[in-house]
Structures are given as C-alpha cells and as structure tokens.
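# Structural description and commentary
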Amino acid sequence: MLKKFGILLLTVCLLAGGFGTAAQASTGNSLEQTVTKIVNQKVKKSDGGKSKLKKLFVYVQKNYDYGRKVGFKTYSGWEKDYAAEMFSAKKGSCYHYAAAYAFLAKKATGYSVRVGVGKTNGFSGKLQPHAWVEVKISSRWYICDPNMDKYAAGSSRKYFLKNRNSLKSTYNNFKDTKYVNVSF
C-alpha cells in the first residue's frame, strides 16, 4: 500500500512539474512574440546596431512608466517574468525596465546582453538596490539604463551606451553585482 502511494505521489509530482514547464515555455514564447513585434515596428533591418539600441531605448522611456514593486528577489527566469509584466502593464520598477530593454536589445542586435542587479547612488546620492542593462559591443561592455536615464535628475542620455568603466562610481564600483545573461 505504501509503495502504491509513493508511486502515485511521484506521478502527481512529475505531472505537475510537466505542466509548469509547459506554462513557462508558453510564457517564453509569448515574450519572444511580443519582443519581435516591438522590434519589427520600431527598428529597420538596415539600421546599425547602435541605432537600433538607441531607438529601442527611447521607445522604452517614452512608452513605459515607473511602478514600484516592493520585495524584489531573484529566481531562475525572473527577467522573463519582469519583461512580460512590463510589456503588459506598461509600467514597472527598475528591474522591469532593465528586463524589458534587455530583451529588446538582444532581439534587435544579437549582441551579448545582460542585466546587472546591484546598487546605485544615481537617484538620490545614497545607495539603493537597482537593475540596469549592459550590452557587449566588440570586446567592451556598455551601460544602457533607461530607468535611470528617465528618472534621475539631469540625466538625459547620460545612461545610454556609456562605457561601464566611466560609471563605476554611480554603480557602486559594481561591488556585489549579480548578472543575468539574456536569452530566449
């Protein structure tokens, strides 16, 4: 009897796990469809990589608003969930901004793109949790932070495609920063 119960429990767990995987795959496919649609509407195939990045940077700033989300915690796939939330709700936290822009940048250019999760003093002068995007062009990483660029005082285009080394002090010297490489 105990053996049958164990087999039944294992079967239920495997089925539940299978459904979770299918749901996650569906979310991933939906995200990629949304991102592809936006990229196809906002950039031309003939645009250069930097031009694509700039057009999408401006698009994100103009079309999405800030919406605070308290209690951010990293987990496997958070960047996909946050990007999907940003695209559907049209607002989100810095984590949403970073995730949404990262997927757009990746799809449009094929460059290596990652989201940095660490701290910044760029808003108030005091360190606070923050997320931003880094794009690798040739052998250098560049920061593209549409949230910081939109909401930090006097920062118009200050956080678009800037060599990450030039912004070390703003991003706490990247101390304790965790990175998530973006891919579909």
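### Some points on the packing of helix H2 (residues 49-63) against helix H4 (residues 94-109)
Packing of H2 against H4 leaves a shortest axis separation of 10 Å and a crossing angle of 150°. Viewed along their axes, H2 and H4 adopt a mutual orientation that is roughly antiparallel. Helix-helix and strand crossings are classified by hand; for H2 and H4 the assignment is right-handed. Of the residues in H4, those in contact with Gly49, Lys52, Leu53, Leu56, Phe57, Tyr59 and Val60 of H2 are Tyr97, Tyr101, Leu104, Ala105, Ala108 and Thr109. Looking at the contact of H2 with H4 residue by residue, the class counts come to ten nonpolar, two polar and one charged.

### Looking at the pairing of strand S4 (residues 128-137)
Within S4, seven of the ten residues are buried, which leaves it mostly tucked inside the rest of the structure. Strand direction decides the pairing type here: strand S3 (residues 112-120) and S4, joined by nine bridges, are antiparallel. The residue bridging Lys119 from the neighbouring strand is Pro129, located in S4. Two elements, S4 and strand S5 (residues 140-144), share five bridges in a ladder whose sense is antiparallel. Its bridge partner being in S5, Val133 is matched across the sheet by Cys144. In textbook terms, the turn of a hairpin is the stretch between consecutive antiparallel strands, and for S4 and S5 this stretch comprises two residues, one of which, Ser138, has a positive phi near 60°.

### Things to note about the environment of Asp176
Tracing the sequence through the fold places Asp176 in the loop between strand S6 (162-163) and strand S7 (178-181). Under the relative-accessibility criterion, Asp176 is labelled exposed at 60%. Note: C-alpha distance between Asp176 and Gly118 (58 residues apart in sequence) is 6.4 Å.

### Structural notes on the nonpolar core
One finds Phe87, Tyr101 and Leu104 to be the most contacted residues of the largest nonpolar core, which totals 42 residues. Among the secondary structure elements, those contributing two or more residues to this core are helix H1 (2-42), H2, helix H3 (78-89), H4, S3, S4 and S5. Per element, the largest residue contribution to this core is twelve residues, and it comes from H4. In this structure, Ile143, Met148, Tyr159 and Leu167 belong to the second largest nonpolar core, which totals eight residues.

### Focus on the pattern of salt bridges
Working definition: two side chains of opposite charge can pair if their charged atoms are close together. The full count for this structure, using the stated rule, is seven salt bridges. A salt bridge links Arg164 to Glu134; the shortest N-O distance between them is 3.0 Å. Separated by 30 residues along the polypeptide, Arg164 in the loop between S6 and S7 and Glu134 in strand S4 bring together distant segments of the chain. Neither Arg164 nor Glu134 differs from the other in exposure class; each is buried. For Arg157, the salt bridge goes to Asp149, with nearest N and O atoms at 3.7 Å. Taking relative accessible area as the criterion, Arg157 reaches 33% and is therefore assigned partly exposed.

Parameters at a glance
- Residues numbered from 1 in each chain as written.
- Predicted model: local features only at pLDDT ≥ 70, side-chain atom pairs only at ≥ 80, totals over all residues.
- Heavy atoms only, no water.
- Axes fitted to C-alpha atoms, helices over the stretch in contact; angles between N-to-C directions.
- Helix = DSSP H or I, 4+ residues; strand = E, 2+ residues; numbered from the N terminus.
- Parallel < 35°, antiparallel > 145°, perpendicular 65-115°, else oblique.
- Left-handed = near helix turned anticlockwise from the far one by under 90°.
- Contact = heavy atoms within 4.5 Å.
- Nonpolar A, V, L, I, M, F, W, Y, C, P; charged D, E, K, R; others polar.
- Buried < 20%, exposed > 50% of the residue type's maximum accessible area, 1.4 Å probe, protein only.
- Pairing = 2+ DSSP bridges.
- Core = buried A, V, L, I, M, F, W, Y, C linked by side-chain atoms within 4.5 Å.
- Salt bridge = Lys/Arg side-chain N within 4 Å of Asp/Glu carboxyl O.

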